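Residues per chain are reported as follows:
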Amino acid sequence: MFALKVARRYLTSNPAQTVLLVTGVALGVTVFIFITALIEGLAVRLTDQVTANSAHVTLEPPTRLAEILPGDPAVRTEGVALVSTFQRRQIRSWRSTAELITRQPGVSALSPQISGNAFLVKGESVQPVSVTGLEPEGLDAITPITPNLVSGQGALGADGLLIGTQLAEDLGLTAGQPVLLRTDRGGERLLTVRGIYKTGLQSLDSRVAFLSLQTARPLFDLPEGVTNIEIKLDDPGRAREVAEFLAGATGLRATPWQDKNLNLEDALEAQGRTGTLIQIFSLISIIIGVASALVLSAYRRRSEVGIMRAFGISGAFIVAVFMLQGLLIGLAGGLLGCVSGYGLCTFLASLTDAEGNAPLPIAPERGGYVAVLILTTIGAVLASAFPARSASRIDPLEAIQQ
Amino acid sequence: MSSVLQARGVVMTFRNGDEETEVLRGIDVDLAAGELVALVGASGSGKSTLLSILGLLLRPTAGDIEIAGQRVDDLNEKARAAFRNQRLGFVFQFHHLLPDFTAMENVAFPAAAPAGGISPEMRKRALSLLDRVGLADRANFPATRLSGGQKQRVAIARALMNRPDLVIADEPTGNLDLRSAGQVLDLMGEVNREDRATFLICTHDEHVAARCDRRIQLVDGRVQAEGDGSISLTDR
Ligand SMILES: Nc1ncnc2c1ncn2[C@@H]1O[C@H](COP(=O)(O)OP(=O)(O)OP(=O)(O)O)[C@@H](O)[C@H]1O
Ligand SMILES: [Mg+2]
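The text that follows walks through the structure, step by step, so that each part is easy to find. The shown structure was predicted, so the numbers you read here are calculated from the model rather than taken from an experiment. (Residues numbered from 1 in each chain as written. Chains lettered and ligands numbered in written order. Predicted model: local features only at pLDDT ≥ 70, side-chain atom pairs only at ≥ 80, totals over all residues. Heavy atoms only, no water.)

**What to know about the overall build of chain A**
The helix and strand tally for chain A stands at 13 helices and ten strands. Computed over C-alpha atoms, the radius of gyration of chain A comes to 33 Å, more than 25% over the 21 Å expected from 2.2 N^0.38 for 402 residues, which places it beyond the range of a compact globule. Counting only C-alpha atoms, chain A reaches 100 × 60 × 45 Å along its principal axes. Counting the 402 residues in chain A, one finds 45% classified as buried. Counting contacts in chain A only where the partners sit at least 6 residues apart, residues at least 24 apart contribute 78% of the total. For chain A, the distance from the average site of its 32 positive side-chain charges to the average site of its 34 negative ones is 9 Å. (Helix = DSSP H or I, 4+ residues; strand = E, 2+ residues; numbered from the N terminus. Rg over C-alpha atoms; globule rule 2.2 N^0.38 Å. Buried < 20%, exposed > 50% of the residue type's maximum accessible area, 1.4 Å probe, protein only. Contact = heavy atoms within 4.5 Å. Lys, Arg positive; Asp, Glu negative; His and termini not counted. Charge placed at Lys NZ, Arg CZ, Asp CG, Glu CD.)

The structure is reproduced here in structure tokens:
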């Protein structure tokens, strides 16, 4: 194609300027890739942190219609099917339910639990805690506790309790010491702190206490049932569909982890918006750069273009010459930017701090390379449209008479 | 002899706001195939304006023009461009070569751009034209590395690339020294004789005018006389 040859010739005729222009585009692309990989990496890291330490699907008894106290004058109760408020919300048939769930493909672990609220009392200090009673052999099924122990050990035993470092500090507790647990069901028992863990998750480390299911039963007045079944999946991304299926199959309320972490979703969305803004600005700067360079080039070459018009070269040909320049610049800058962006991200991802962690949660493989290459190329072609159009409209007489 | 160009009643009035300049006031021009005609007149008499109109680069205020048997007044811009490309050749005072291309590529350009590339036949024709203008050995020189006279000869070869019915030249020797001007003139004369190409050359140079078959003199926007060369260029 002759227009392509002319476009190439125009670009190579001033190598310094072209190199500068392509470098500018590549820089914009690098910024785009860096920010994409950073935002994506951050999302992956946050998501991983949450999915690694919490259940992917939680099964609970369905919400009851009427938990309104009869007789409350502010609430009209006619027509509401009243269910005894004395009836505990619990999963009685948890063994068969657990069996059903275990058979589902993609389920990697399961933990029937008794969850409730309580206070830990140590001398003068009282701290509210969220108590989780679970089967001792399934201690690490949902949240890896044993690997995160900083003191003591993970065997719960009959009167054992595991708490986080923050809570231990607040109460001035160390492993082996006794502490009084008082539940919201009125149960009370002196337990022994067997171990102290540190997961890095604020809520786990400061407000949760683990004990065995058997220990929890009398404390929460639940001789048979459990309050919830926590499930872990091979692929956390499938939590929603699995939850939907289990809800249908068991009649229980199934909540995927995303719904329990709406804050996370909000945070990720906000981050995503910031990223999009930076991406848009880097694309705009690419477009402005290419457009201004080509406007200048068209201006410098207007006598040449005018003479082409004089001997009858079509406006479409001139448009093609300039838009192909945009295309070539976009492709070259885009490819170069992809290479340098990947290089930068891989380098930054390889950096580690003193503890061996990556300070920047960059995901080099998620830089949005194809997208940025396509967007940059389209952007550069669009940017060349205006100079191309104005070049094609140069009056040949103007060129001749100068 | 068959007619290559027939212009009747060409009027050109430039308007700048309220100010009107009537440059051409009713011009008739006839050119027969194979003629070499000089267009002369004082500076500002409208020679370049007339050439632009006859070369379809400018639309006249009034007048009918027929080139190579085709009425060109009604053509739209696209058709006029295509017509210029296929039927007309241009040589200007400044060579206006494309600096990023070789002599051969410059010559072939008017054929190559519409066709999408330089075909072997185009290359052959471009090289033979360069040979014709005495620059066979400069075919692969970048245009920027040619002398002024050489550039103008390349420009003539370019004007001839698409075998035009009419070559329009506006002071083609105006920018050259005597020797180069002589060469360019010889060349046009040669091409005119041997290829029977029709030339309309605007010039201030008596030598150039003297070597043409006849001259058309513009005075005050009108053709004063078409004659045998007895009218002096300085006549008004
Ligand atoms: N676009 C225009 N607007 C207004 N007046 C114009 C325009 N173009 C040309 N003219 C006027 O038309 C007249 C003829 O100009 P033209 O260039 O045709 O003269 P010329 O015979 O070629 O002169 P020269 O020998 O100096 O080249 C001049 O007076 C010029 O000022
Ligand atoms: Mg003139």
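**Here's the deal with the interface of chain B and chain A**
How big an interface is tends to be stated in terms of accessible area lost as the parts join. Taken together, the contact between chain B and chain A spans 25 residues of the former and 22 residues of the latter. Together chain B and chain A conceal approximately 2100 Å² of surface at their shared face, both sides included; 68% is due to carbon and sulfur atoms. Seen at the junction of chain B and chain A, the total is three salt bridges. We note a salt bridge from Arg301(A) to Asp100(B), for which the minimum N-O separation is 2.6 Å. Viewed at the interface, chain A and chain B are joined by nine residue pairs in polar contact (both at pLDDT 80 or more). (Buried area = accessible area lost by both parts, 1.4 Å probe. Salt bridge = Lys/Arg side-chain N within 4 Å of Asp/Glu carboxyl O. Polar contact = N/O pair within 3.5 Å; in protein donor to acceptor, adjacent residues only side chain to side chain.)

**Focus: the sheet that holds strand S4 (residues 62-67) of chain B**
Residue and element names in this part refer to chain B. A sheet is described by the order of its strands in space; here four strands give the open sequence S2-S1-S4-S5, paired in antiparallel fashion. Each edge of the open sheet is held by one strand with a lone partner, namely strand S2 (19-32) and strand S5 (70-71). Taken together, the eleven bridges between strand S1 (residues 3-16) and S2 define a ladder with antiparallel strand orientation. Residue pairing across strands places methionine 12 opposite leucine 24, the latter belonging to S2. (Pairing = 2+ DSSP bridges.)

**Some remarks on the site of ligand 1**
Residue and element names in this part refer to chain B. Not every one of the 13 residues close to ligand 1 is listed here, only the nearest: Ser43, Lys47, Ser48, Thr49 and His204. Within the side chain of serine 43, a nitrogen or oxygen atom sits 2.6 Å from an oxygen atom of ligand 1. Threonine 49 is positioned with one of its side-chain polar atoms (N or O) 2.6 Å from an oxygen atom of ligand 1. The element best represented in the shell around ligand 1 is helix H1 (residues 47-54), accounting for three residues. Here the residues of the shell around ligand 1 sort into three nonpolar, eight polar and two charged. (Near = heavy atom within 4 Å. Nonpolar A, V, L, I, M, F, W, Y, C, P; charged D, E, K, R; others polar.)

**Structural notes on a nonpolar patch on the surface**
Residues and elements named next belong to chain A. There is a patch of nonpolar side chains on the surface, built from Val31, Leu277, Ile278, Ile280, Phe281, Ile284 and Ile288 and spanning about 620 Å² of accessible area. Counting residues per element, the nonpolar patch draws most heavily on helix H9 (residues 262-300), at six residues. Checked against the element boundaries, isoleucine 278 lands in helix H9. (Patch = residues over 30% accessible without salt bridge, like charges linked within 9 Å, V, L, I, M, F, W, Y side chains within 5 Å. Areas by Shrake-Rupley, 256 points an atom, 1.4 Å probe, with all protein chains shown as cover.)

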